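Architecture and fold: a report
So the chains spell out like this:
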Amino acid sequence: MGEKFPPRILIGRLLGRLAKKSMIVNEKPMPRNSGTDKSLVVSDERDFMAERQRLREFIDRFATGGPGACTKHPHFFFGPLTPEEWAALMYQHLDHHLRQFRV
């Protein structure tokens, strides 16, 4: 949503376009242990209820903002994404974590 701007990584520059087609366009589920930019890793203790509310607010903000709210900054692995691709990726990312925690 344009709040953090991790730089593109080399492997993403080389393979990101192919992976984007496989994962986002063909809706292949996000694999377990997918890479995450270090700046996005949460390693401290969090309050579950507060984080659940924060997630709800992010989802509402993303949905309400529509295509215009999508960042123009390229994804660190996949590169430039259209608003539709960002929406598909966010859905898959959230689905990935909900499945991870059996929600």
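Refer to the preceding data block for the structure.
The structure reproduced in this document is the subject of the present report. Source: prediction; values computed, not measured. Residue numbers here run from 1 along each chain, matching the order of that chain's written sequence. Per-residue local features of the predicted model are confined to residues with pLDDT of at least 70, and side-chain atom pairs are confined, for both listing and counting, to 80 or more; whole-chain, interface and lining totals are unaffected and use all residues. Think of the side-chain values as coming from all heavy atoms in the structure, minus any hydrogens and water.

1. Some points on the side chain of His 96
Only runs of H or I of at least four residues qualify as helices and only runs of E of at least two qualify as strands under DSSP, and these elements are numbered from the N terminus. Take His 96: it is sitting in helix H3 (residues 83-100). If we skip the residues at most four places from it in the chain, His 96 touches Met 30, Pro 31 and Arg 32. Note on definitions: a residue-residue contact is assigned when non-hydrogen atoms from the two residues lie within 4.5 Å.

2. Observations concerning the packing of helix H1 (residues 10-25) against H3
The convention used is that axes are lines fitted to C-alpha atoms, helices contributing only their stretch in contact, and that angles between N-to-C directions extend from 0 to 180 degrees. Two numbers describe how H1 lies on H3: the axes approach to 10 Å, and their chain directions differ by 70°. In terms of their interaxial angle, H1 and H3 are classed as roughly perpendicular. Handedness of the H1/H3 crossing: left-handed. Here Lys 20, Met 23 and Ile 24 of H1 lie close against H3, whose contacting residues are Glu 85, Ala 88, Leu 89 and Gln 92. Working rule for angles: under 35 degrees goes down as roughly parallel, over 145 as roughly antiparallel, 65 to 115 as roughly perpendicular, anything else as oblique. By definition, any crossing whose near helix is turned counterclockwise from its far helix by less than a right angle is left-handed, and any crossing with a clockwise turn is right-handed.

3. Regarding a nonpolar patch on the surface
The patches reported here contain residues having more than 30% relative accessible area and no salt bridge. Joining distances are 9 Å for like charges and 5 Å for nonpolar side chains (Val, Leu, Ile, Met, Phe, Trp, Tyr). To be clear on the numbers: accessible area is Shrake-Rupley with a 1.4 Å probe, and residue cover counts the displayed protein chains and nothing else. Any Lys or Arg side-chain nitrogen found within 4 Å of a carboxyl oxygen on Asp or Glu counts as a salt bridge. Judged by side-chain polarity, Leu 10, Ile 11, Leu 14, Leu 15 and Leu 18 come together as a nonpolar surface patch covering roughly 540 Å² of accessible area. Inspection of the secondary structure assignment puts Leu 15 in helix H1.

4. Examining the nonpolar core
Only buried residues count toward a nonpolar core, which is a set of Ala, Val, Leu, Ile, Met, Phe, Trp, Tyr and Cys residues joined through side-chain atoms within 4.5 Å. A simple rule labels every residue: compare its accessible area, found with a 1.4 Å probe on the protein chains alone, to the largest value its type can have, and call it buried under 20%, exposed over 50%, or partly exposed in between. Met 23, Ile 24, Met 30, Cys 70, Phe 76, Phe 77, Phe 78, Leu 81, Trp 86 and Leu 89 together form the largest nonpolar core, which totals 10 residues. Taken together, the elements giving at least two residues each to this core come down to H1 and H3.

5. Focus on helix H2 (residues 48-65)
The end-to-end C-alpha separation of H2 is 25 Å, in line with the 26 Å expected for 18 residues at 1.5 Å each. Of the residues one or two after H2, Gly 66 is the one with positive phi, at around 65°. Here a helix's expected span is defined as the number of its residues, less one, multiplied by 1.5 Å.

6. Observations concerning the pattern of salt bridges
Inspection of the entire model under this criterion finds 5 salt bridges. In this structure, Lys 20 and Glu 85 form a salt bridge, with 3.6 Å as the shortest nitrogen-oxygen distance. You can see Lys 20 sitting in helix H1 and its partner Glu 85 sitting in helix H3, a full 65 residues away along the chain. Here Lys 20 matches Glu 85 in class, with each residue buried. Measuring nitrogen to oxygen at the nearest pair gives 2.9 Å for the salt bridge that ties Asp 44 to Arg 46. With a relative accessible area of 46%, Asp 44 lands in the partly exposed category.

7. Points about the environment of Ile 11
Tracing the backbone shows Ile 11 in helix H1. Overall, the relative accessible area of 43% leaves Ile 11 in the partly exposed class. Counting along the chain gives 66 residues from Ile 11 to Phe 77, while the straight-line C-alpha distance between them is 7.3 Å. Ignoring anything within four residues of it in the chain, the contact list for Ile 11 reads Gly 16 and Phe 77.

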